[in-house]
Amino acid sequence: MEISRHWRLKKQRYSLIGEVCPHCDAKIFPPRDVCPECGQEARSEFAFSGRGQVYSHTTIYDAPAGYENNLPYTVALIKLDEGPIVTAQLTDLGAQPVEIGMPVEMVTRRIREDGDERGMLVYGYKFRPAWNAPIK
Amino acid sequence: MREVAIVGIGQTPVDEHWDKTLRLLAGEAIFAALNDAGRDQVDGLFVGNMMSGELSRQESLGALIADWIGLPGIEAMKIEAACGSGAAAARAGMMAVASGEMDSVLVVGVEKMTDSLPSETTSGLATAADADYEAAQGLSFVAINALAMQRYLYVSGWKHTDFAPFSINSHANAVHNPYARLQEAITEEEYHKARMIAAPINLLDASPTGDGAAALLLVPREYLRPTTRGYDGRGRPVITIAGSASATDTIALHDRRDPTWLRAAELSAQRAYAQAGVGPQEIDLFELHDAFSIMSALSLEACGFAERGQGPRLGLEGQITLSGRIPICTRGGLKARGHPVGATGVYQMVEVVQQLRGEAGATQVEGARVGMAQNIGGSGATIVTHILTAL
Ligand SMILES: [Zn+2]
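Reading the values: the criteria
- Residues numbered from 1 in each chain as written.
- Chains lettered and ligands numbered in written order.
- Predicted model: local features only at pLDDT ≥ 70, side-chain atom pairs only at ≥ 80, totals over all residues.
- Helix = DSSP H or I, 4+ residues; strand = E, 2+ residues; numbered from the N terminus.
- Rg over C-alpha atoms; globule rule 2.2 N^0.38 Å.
- Contact = placed C-beta atoms within 7 Å.
- Axes fitted to C-alpha atoms, helices over the stretch in contact; angles between N-to-C directions.
- Nonpolar A, V, L, I, M, F, W, Y, C, P; charged D, E, K, R; others polar.
- Buried ≥ 20, exposed ≤ 12 C-beta atoms within 10 Å, placed from the backbone.
- Pairing = 2+ DSSP bridges.
- Domains from an automatic or database assignment.
- Core = buried A, V, L, I, M, F, W, Y, C linked by C-beta atoms within 7 Å.
- Left-handed = near helix turned anticlockwise from the far one by under 90°.

Participant: Got a sec to walk through the overall build of chain B? Specific residues and values, please.
Facilitator: Regarding its fold elements, chain B presents 13 helices and eleven strands. Relative to a compact globule of 391 residues, whose C-alpha radius of gyration would be 21 Å, chain B shows 19 Å and is just as compact. Its C-alpha atoms put chain B at 55 × 45 × 35 Å along the principal axes. Sequence-distant contacts in chain B: of pairs separated by 6 or more residues, those separated by 24 or more amount to 77%.

Participant: Would you mind going over the interface of chain B and chain A in detail, with residue names and values included?
Facilitator: The interface of chain B with chain A comprises 28 residues on the first partner and 27 residues on the second. For the side of chain B that touches chain A, the secondary structure elements donating two or more residues are helix H5 (118-126), helix H6 (141-156) and strand S5 (196-198) of chain B. The element contributing the most residues to the side of chain B that touches chain A is H6(B), with seven residues.

Participant: Help me get a handle on unusual backbone geometry, residues and values and all.
Facilitator: It is generally the case that most residues other than glycine have a negative phi and that most peptide bonds are trans. Cis rather than trans, the peptide bond between A:Phe29 and A:Pro30 has omega equal to -10°. Locating A:Pro30 in the fold gives a position in the loop between strand S2 (27-28) and strand S3 (44-47). Cis geometry is adopted by the peptide bond preceding A:Pro72, which originates at A:Leu71 and carries an omega value of -20°. The phi dihedral of B:Arg57 falls on the positive side, at around 50°, and the residue is not glycine. For B:Arg57, the location among the structural elements is in the loop between helix H2 (52-56) and helix H3 (61-68).

Participant: Quick one: what's the story with the packing of helix H4 (residues 85-98) of chain B against helix H13 (residues 341-357) of chain B, residue by residue and with numbers?
Facilitator: All names here are of chain B. For the pair H4 and H13, the least separation of the axes is 5 Å and the interaxial angle reads 60°. Residue-level contacts link Ser85, Gly86, Ala87 and Ala90 of H4 to Gly342, Ala343, Thr344, Gly345, Val346 and Met349 of H13. For the contact of H4 with H13, the residue count by class is five nonpolar, five polar and no charged.

Participant: Can you lay out helix H10 (residues 293-302) of chain B for me, pointing to particular residues and giving the numbers?
Facilitator: Turn by turn, an α-helix covers 3.6 residues, leaving residues three or four places apart pointing in a common direction. All names here are of chain B. Here H10 lies mainly inside the structure; ten of its ten residues are buried. Within the sequence span of H10, burial applies to Ser293, Ile294, Met295, Ser296, Ala297, Leu298, Ser299, Leu300, Glu301 and Ala302. Each element contacted by the buried residues of H10 is listed here: H6, helix H7 (164-174), helix H9 (263-276), helix H11 (311-316) and strand S10 (370-377). Backbone geometry just after H10 places Gly304 at a positive phi near 90°.

Participant: Go over the sheet that holds strand S4 (residues 105-111) of chain B with me, naming the residues and quoting the values.
Facilitator: All names here are of chain B. In spatial order, the strands read S3-S2-S4-S7-S1-S8-S11-S10-S9; together these nine strands make up an open sheet with mixed pairing. Strands with a single pairing partner mark the edges of an open sheet, and in this sheet they are strand S3 (75-79) and strand S9 (285-287). With strand direction ignored, the average angle separating the axes of adjacent strands in the sheet is 25°. Bridge count for S10 against strand S11 (residues 382-390) is eight bridges, and the pairing is antiparallel. Residue Gln374 lies in a different strand from S11, and its bridge partner there is Thr385. Most of the contacts of H3 go to S3, to which it runs at about 130°, and overall it touches strand S2 (44-48), S3 and S4.

Participant: Can you tell me about the domain arrangement of chain B, naming the residues and giving the values?
Facilitator: All names here are of chain B. For chain B, the assigned domains are domain 1 (4-117 + 209-223) and domain 2 (124-207 + 242-390). Put simply, the middle of domain 1 and the middle of domain 2, counted by C-alpha atoms, are 22 Å apart. Across the contact, 37 residues belong to domain 1 and 35 residues belong to domain 2. Every element with two or more residues in the side of domain 1 that touches domain 2 is listed here: strand S1 (4-11), H2, H4, S4 and strand S7 (212-220). A per-element tally of the side of domain 1 that touches domain 2 places H4 first, with seven residues. Classifying every residue of the side of domain 1 that touches domain 2 by side-chain character gives 22 nonpolar, ten polar and five charged.

Participant: Quick one: what's the story with the sheet that holds S3(A), residue by residue and with numbers?
Facilitator: Residues and elements named next belong to chain A. Taken together, the three strands give an open sheet; going across it, the order is S2-S1-S3, and neighbouring strands pair in antiparallel fashion. Looking at strand neighbours, the two that pair on one side only are S2 and S3, the edges of this open sheet. As paired elements, strand S1 (residues 17-20) and S3 share four bridges and run antiparallel to each other. When the bridges of S3 are listed, Gly18 appears paired with Phe46.

Participant: Any chance you could break down the nonpolar core for me, citing the residues and the numbers?
Facilitator: Ranked by size, the top nonpolar core spans 161 residues in total, and within it A:Ile78, B:Val107, B:Val108, B:Ala215, B:Leu216 and B:Val346 carry the most contacts. Broken down by element, the residue count for this core peaks at ten residues, all from H6(B). In contact with B:Val346, other than residues within four places in its own chain, are B:Gly48, B:Gly86, B:Ala90, B:Val107, B:Val108, B:Gly109, B:Ala214, B:Ala215 and B:Leu216. Ranked by size, the runner-up nonpolar core spans six residues in total, among them B:Val14, B:Ala174, B:Ala180 and B:Ala336.

Participant: So, the environment of B:Gly380: which residues are in play, and what are the values?
Facilitator: Residue and element names in this part refer to chain B. Along the chain, Gly380 falls in the loop between S10 and S11. What makes Gly380 buried here is the crowd of 29 C-beta atoms within 10 Å. Considered as a pair, Gly380 and Asn169 are 211 residues apart in the sequence and their alpha carbons are 23 Å apart. Each residue touching Gly380, except ones within four places of it in the same chain, is listed here: Asp249, Leu262, Ala264 and Ala265.

Participant: Can you explain the packing of helix H1 (residues 22-37) of chain B against H3(B)? Please cite residues and give values.
Facilitator: Residues and elements named next belong to chain B. Direction vectors running N to C along H1 and H3 enclose 60°, while the axes themselves pass 9 Å from each other. Taken as a pair, H1 and H3 cross one another with a handedness that is right-handed. The segment H1 lies against H3, with Arg23, Ala26 and Gly27 engaging Leu64, Ile65 and Trp68. Here the contact of H1 with H3 is built from residues that sort into four nonpolar, one polar and one charged.

Below is the structure:
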């Protein structure tokens, strides 16, 4: 990925910064300029807690170019506590079987094992089991 | 608006065409369509294609193909909507004829996929997703469909095995289609034992890629005059585009209000039904976008053939077979005819025309007069629905 492109996304990748709608208080991730709930302009930053639960999941055995060394790896839709769903890899699973509803928390990890075609190591959010989270 | 007729169809087999270039494949389908129509006058060319820039380092396909078929000078352009590019190009061509802007339009869908390494093709297909928030996390296109299917199984209570009839039906029909990539039947046992590619999706849930091209020739219906051998001079029924509609949804699966509902399929089908003055009960066959078995269930639900969460029941009850209530994937579908992504939507329309003309051989749906084709781009981001009728 282009270095500038990754740099532009650094707040989202490292800190899960999205937006809160000043009109209807909806929490938005990834950030977008039009609130998906009320259709009005939304540009106020909001830092997500990074806590959520697994909404759906799959394990990948055929990877896109640049991700082959991670195989097999597990990706998930994570329903964040504040509402939005985010797509991310799961990590630190150990022998834990992944289940829908499992509580998870955000961590920062290397997304591609070997760096990309420009030699850049790309870090960003992944999610791991949240052992201490209250069961909902 | 003028009514638009499809007077010519053409297709190449879906296969690994190592000996043929992208332009040669497109030309084969186009010349077959012109020959089928007995015409050579063309005002414009609309090319459906997704990945020529990424996989063949070739864009400007409008000019490339117009030049190749000996028609430099005509207006020509590429239309892109990921895996929905083919039907999007057909719809662009339809609008050009309906509006009165053009009197004779070629539509060709073409994709060249097998020159590339599998991981390059996988990366290319992932460009249909949100590059920053889906593909950048290492998600393949299969994985995004697997996330939808896993959630669907959880919410609806169906088991993976309940999706077997979709793949078995497509393969059974492809046996009789000489243009199909996989002309072989599969058994329920083979389906259960297939290699997992992104759980719960296994190899027999997923459509094969391939190289291929399919073409249509469109003219205004009012220009067709009765002859002793029918309106097309060849004794065949006239096929008209009675409904044509396209709709969009969020590009990322995670941004959908319900990732197990194809809102754009529902919207485009409703618009096409309204134009054609029909409902799902009038549709005699449905070429749906079975890129993955989950998409068959979601498409049947969104288009009103099954209640929400009940798509797999139609397969289990045998209602999707040639003699069932709503035959689907009658020429093999994406699953077995193959899925040359940007060409697929045009293949589907060619196959509906075959059915309505009575040219579908051993897979003919008896008495078919109204057929529907629906082509999906991405995980449901662009969905194009066409309803064709025979007069
Ligand atoms: Zn709002």
